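Observations on the three-dimensional arrangement
Here is what each chain is made of, one letter per residue.
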Amino acid sequence: MGYSHAVRQSVLKKVLPPEGRSISEVSRETGVNEQTIRNWIKRSKTGILADGNQDSCPRFLTPKEKYQLVVEAAGIDDEQLGGFLRERGLHSEHITIWDQELRDMIDNKNDQQDKENKALKKKVKELEKELQRKEKALAEAAALLVLKKKLDALTREHEDD
């Protein structure tokens with residue numbers, strides 16, 4: 001099966017430094033055979049891997065790249081959008097889907113932050129309650145200590161008489 005240059009570059013980008021992920025992991029993720037990836041690495045190191053179009057296949061774009069494309073597409077009027085999408089090998093559905101994916105990621109992050117905030121508020125409430133309980137116990141202990149000192153002082157006075 002022949003893979004486009006964009007696919008090869010995307011896979012190599014994941015396997016080679018700085019990402020440096022394992023070949024088996026990238027193979028499972030992309031569906032490209034492990035030996036094919038090893039061959040691409042070998043050819044890229046020897047300079048045999050042919051250069052071609054540097055654009056990535058939409059399937060292999062990172063969330064950051066998708067975000068950049070969504071933002072760029074949002075700033076383009078409808079008349080020029082078709083040309084913009086054709087230049088990058090995209091369909092309008094890609095932009096719509098990625099926009100929704102990004103919104104879902106943000107919503108999930110907000111939900112997670114809300115859960116963390118609730119948990120932290122609950123913990124603060126529990127700690128404040130415990131602090132009040134300990135302050136009461138400390139006040140009682142201080143009162144008992146004062147009373148004991150007074151009692152000791154009174155019993156000494158009676159012994160002296």
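Parameters and conventions
Residues numbered from 1 in each chain as written. Predicted model: local features only at pLDDT ≥ 70, side-chain atom pairs only at ≥ 80, totals over all residues. Heavy atoms only, no water. Helix = DSSP H or I, 4+ residues; strand = E, 2+ residues; numbered from the N terminus. Rg over C-alpha atoms; globule rule 2.2 N^0.38 Å. Buried < 20%, exposed > 50% of the residue type's maximum accessible area, 1.4 Å probe, protein only. Contact = heavy atoms within 4.5 Å. Areas by Shrake-Rupley, 256 points an atom, 1.4 Å probe, with all protein chains shown as cover. Lys, Arg positive; Asp, Glu negative; His and termini not counted. Charge placed at Lys NZ, Arg CZ, Asp CG, Glu CD. Patch = residues over 30% accessible without salt bridge, like charges linked within 9 Å, V, L, I, M, F, W, Y side chains within 5 Å. Salt bridge = Lys/Arg side-chain N within 4 Å of Asp/Glu carboxyl O. Expected span 1.5 Å × (residues − 1). UniProt positions renumbered as here; feature names shortened; annotations may be inferred.

- Per an unreviewed UniProt entry, the chain is named Transposase IS3/IS911 family protein, and its organism is Prosthecochloris aestuarii.

A closer look at the overall build of the chain
- When helices and strands are counted, the chain shows 6 helices and 0 strands.
- Along the chain, from the amino end to the carboxyl end, the secondary structure elements read α-α-α-α-α-α.
- For 161 residues, the compact-globule estimate of 2.2 N^0.38 gives 15 Å, and the chain exceeds it by more than 25% at 34 Å.
- Taken over the C-alpha atoms alone, the chain extends approximately 110 × 45 × 20 Å along its principal axes.
- Counting the 161 residues in the chain, one finds 20% classified as buried.
- In the chain, once contacts between residues fewer than 6 apart in sequence are set aside, the share between residues at least 24 apart is 55%.
- Only carbon and sulfur atoms are counted for the fraction: they give 53% of the accessible area of the chain, which is about 12700 Å².
- Each charge class in the chain was averaged separately, 30 positive and 30 negative side chains, and the resulting centres sit 6 Å apart.

Regarding a negative patch on the surface
- The grouping of D104, D107, D111 and D114 at the surface amounts to a negative patch.
- By the secondary structure assignment, D104 is in helix 6 (residues 92-160).
- On the basis of relative accessible area, D104 is assigned to the partly exposed category, the value being 36%.

Quick notes on helix 6
- Taking 1.5 Å per residue as the helical rise, helix 6 with its 69 residues ought to reach 102 Å, and the 101 Å between its terminal C-alpha atoms agrees with that figure.
- Buried residues in helix 6 make contact with helix 4 (63-74) and helix 5 (78-88).

Observations concerning the side chain of K66
- The topology assignment puts K66 in helix 4.
- Given a relative accessible area of 16%, K66 falls into the buried group.
- Contacts of K66, omitting those with residues within four sequence positions, involve P58, L61, W98 and E101.

Looking at the UniProt feature "coiled-coil region" (unreviewed entry) in the chain
- With numbering aligned to this structure, UniProt lists the feature "coiled-coil region" (unreviewed entry) at residues 103-144.
- Between the C-alpha atoms that bound residues 103-144 there is a distance of 61 Å. The span itself is 100% helix and 0% strand.

Here's the deal with the pattern of salt bridges
- Here the structure, examined in full by the defined rule, presents 10 salt bridges.
- Residue R38 pairs with E34 through a salt bridge whose shortest N-O separation is 3.4 Å. Residue R38 and its partner E34 are located together in helix 3 (residues 34-46), separated by 4 residues, close to a single helical turn.
- Owing to a relative accessible area of 37%, R38 belongs among the partly exposed residues under this scheme.
- Classification of E34 as partly exposed rests on a relative accessible area of 30%.
- A salt bridge links K148 to D152; the shortest N-O distance between them is 3.4 Å. Placement of the pair is K148 and D152 together in helix 6, with a separation of 4 residues, close to one helical turn.

Regarding the environment of E29
- Relative to the helices and strands, E29 resides in helix 2 (residues 23-30).
- What makes E29 partly exposed here is its relative accessible area of 43%.
- Taking the C-alpha atoms as reference points, E29 and F60, separated by 31 residues in sequence, lie 9.8 Å from one another.
- When residues no more than four places from it in sequence are discounted, the contact partners of E29 are K14 and R21.

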